[in-house]
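# Working through the structure, step by step
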Amino acid sequence: GLLGKILIQVAVEKRRADSLLEIVIPIGVELSTEKNFSRLVEKMLLEAKSFCKADAGTLYLMNDNHLEYAVVRNDSLEIAMGGTSGQEITLPPIHLQDETTGEPNYRNVAAYAALTGKTVNLVDAYSANEFDFSEVKEFDQNTGYQSVSFLIIPLKDLDGKVLGVLQLLNPLE
């Protein structure tokens, strides 16, 4: 029934995430000669979006105790910010710690991936209780978009240190 369909979809997305690594590593090698850092991070996001057939994606970079937006793309809404788009990203950074308590920010899914180093695959963000998607829901309400499924992958160096987070939304298939 429904549970079986969900499990199949999760398995497909997991295989897709695993295969993504086989694409990202060669692209990283190819792009290692790229001199323009904005073009480099943009190409990483666009290649990942293309491979996963995702409608939207964001690439965040670690900066002290927060994640900064480096590239944002949403094909349905025709949003292109950061990278070589010429459009400045005006979204505030995602804090890795609660500014009041200093506790780790595990409620934000991108912060969770950065803090834990774990990949997160959500088939339906609207039914996910472990993360706070209030800002996503507000964005959806304001734009008419529906952010449903998320694949969030921490980007690590060879020593396992998280350098950023790749977030893909809504597979088109």
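Worth saying up front: this structure is predicted, and the values here are computed from it rather than measured. (Residues numbered from 1 in each chain as written. Predicted model: local features only at pLDDT ≥ 70, side-chain atom pairs only at ≥ 80, totals over all residues. Heavy atoms only, no water.)

Let's shift gears to the layout of surface pockets. Estimates place the volume of the largest pocket at around 960 Å³. Forming the walls of the largest pocket are 37 residues, and the residues nearest its centre are Tyr60, Tyr69, Ile94, Glu135 and Val136. Going through the elements one at a time, strand E1 (54-63), strand E2 (66-74), strand E3 (79-82), strand E4 (94-95), helix H3 (109-116), helix H4 (134-143) and strand E7 (162-171) are the ones with two or more residues in the lining of the largest pocket. In terms of residue count, H4 provides more of the lining of the largest pocket than any other element does, 6 residues in total. (1 Å grid on protein atoms, 1.4 Å probe; cavity = no way out; pocket = protein on both sides within 12 Å on 5 of 7 lines; lining within 4 Å. Points joined across faces, edges and corners; volume = space filled by probe spheres on them. Helix = DSSP H or I, 4+ residues; strand = E, 2+ residues; numbered from the N terminus.)

Here the focus is the packing of aromatic side chains. Tallying each qualifying case throughout the model produces 5 aromatic pairs. Seen in terms of ring centroids, Tyr112 and Phe131 are 5.3 Å apart; in terms of plane orientation they differ by 70 degrees. Their pairing is edge-to-face. One end of the pair, Tyr112, is in helix H3; the other, Phe131, is in the loop between strand E5 (120-122) and H4, with 19 residues separating them in the sequence. Given a relative accessible area of 7%, Phe131 falls into the buried group. (Phe/Tyr/Trp six-rings, centres within 6.5 Å; stacked < 30°, edge-to-face > 60°. Buried < 20%, exposed > 50% of the residue type's maximum accessible area, 1.4 Å probe, protein only.)

With that settled, the discussion passes to the side chain of Thr58. Examined against the element boundaries, Thr58 turns out to sit in strand E1. With near-sequence residues (within four places) excluded, Thr58 lies in contact with Leu45, Tyr69, Val71, Val72, Val165, Leu166 and Gln167. (Contact = heavy atoms within 4.5 Å.)

Let us now look at the pairing of E3. With 4 bridges joining them, E2 and E3 adopt antiparallel strand pairing. Counted as the bridge partner of Val72 is Met81 from E3. Taking the residues that link successive antiparallel strands as the turn, the E2-E3 hairpin has 4 residues, and the phi of Glu78 there is positive, at about 55 degrees. (Pairing = 2+ DSSP bridges.)

Now for unusual backbone geometry. For Asp64, which is not glycine, the phi dihedral falls at a positive 55 degrees. Secondary-structure assignment places Asp64 in the loop between E1 and E2. For Glu78, which is not glycine, the phi torsion reads 55 degrees and is therefore positive. Along the chain, the position of Glu78 falls in the loop between E2 and E3.

Next up on the list: the pattern of salt bridges. Considering all chains together, one arrives at 3 salt bridges under this definition. Notably, a salt bridge pairs Lys43 with Glu47, separated by 3.5 Å at the nearest N-O pair. Here the residue Lys43 and the residue Glu47 both occupy positions in helix H2 (residues 37-52), the gap between them amounting to 4 residues, near one helical turn. The exposure class of Lys43 is partly exposed, given its relative accessible area of 30%. Among the residues examined, Glu47 registers a relative accessible area of 28% and is labelled partly exposed. As a salt-bridge pair, Asp75 and Lys49 come within 2.9 Å of each other at their nearest N and O atoms. Of the two residues, Asp75 is situated in the loop between E2 and E3 and Lys49 in helix H2; the sequence distance between them amounts to 26 residues. Note on Asp75: relative accessible area 45%, which makes it partly exposed. (Salt bridge = Lys/Arg side-chain N within 4 Å of Asp/Glu carboxyl O.)

This part covers the environment of Leu168. Along the polypeptide, Leu168 turns up in strand E7. Sequence separation of Leu168 and Gly57 is 111 residues, and the distance between their C-alpha atoms is 4.3 Å.

Moving on to the nonpolar core. Counting 22 residues, the largest nonpolar core has Leu67, Val109, Leu122, Phe133, Phe150, Ile152 and Val165 as the members making the most contacts within it. Elements represented by at least two residues in this core include exactly E1, H3, E5, strand E6 (150-156) and E7. With 5 residues, H3 is the largest single contributor of residues to this core. (Core = buried A, V, L, I, M, F, W, Y, C linked by side-chain atoms within 4.5 Å.)

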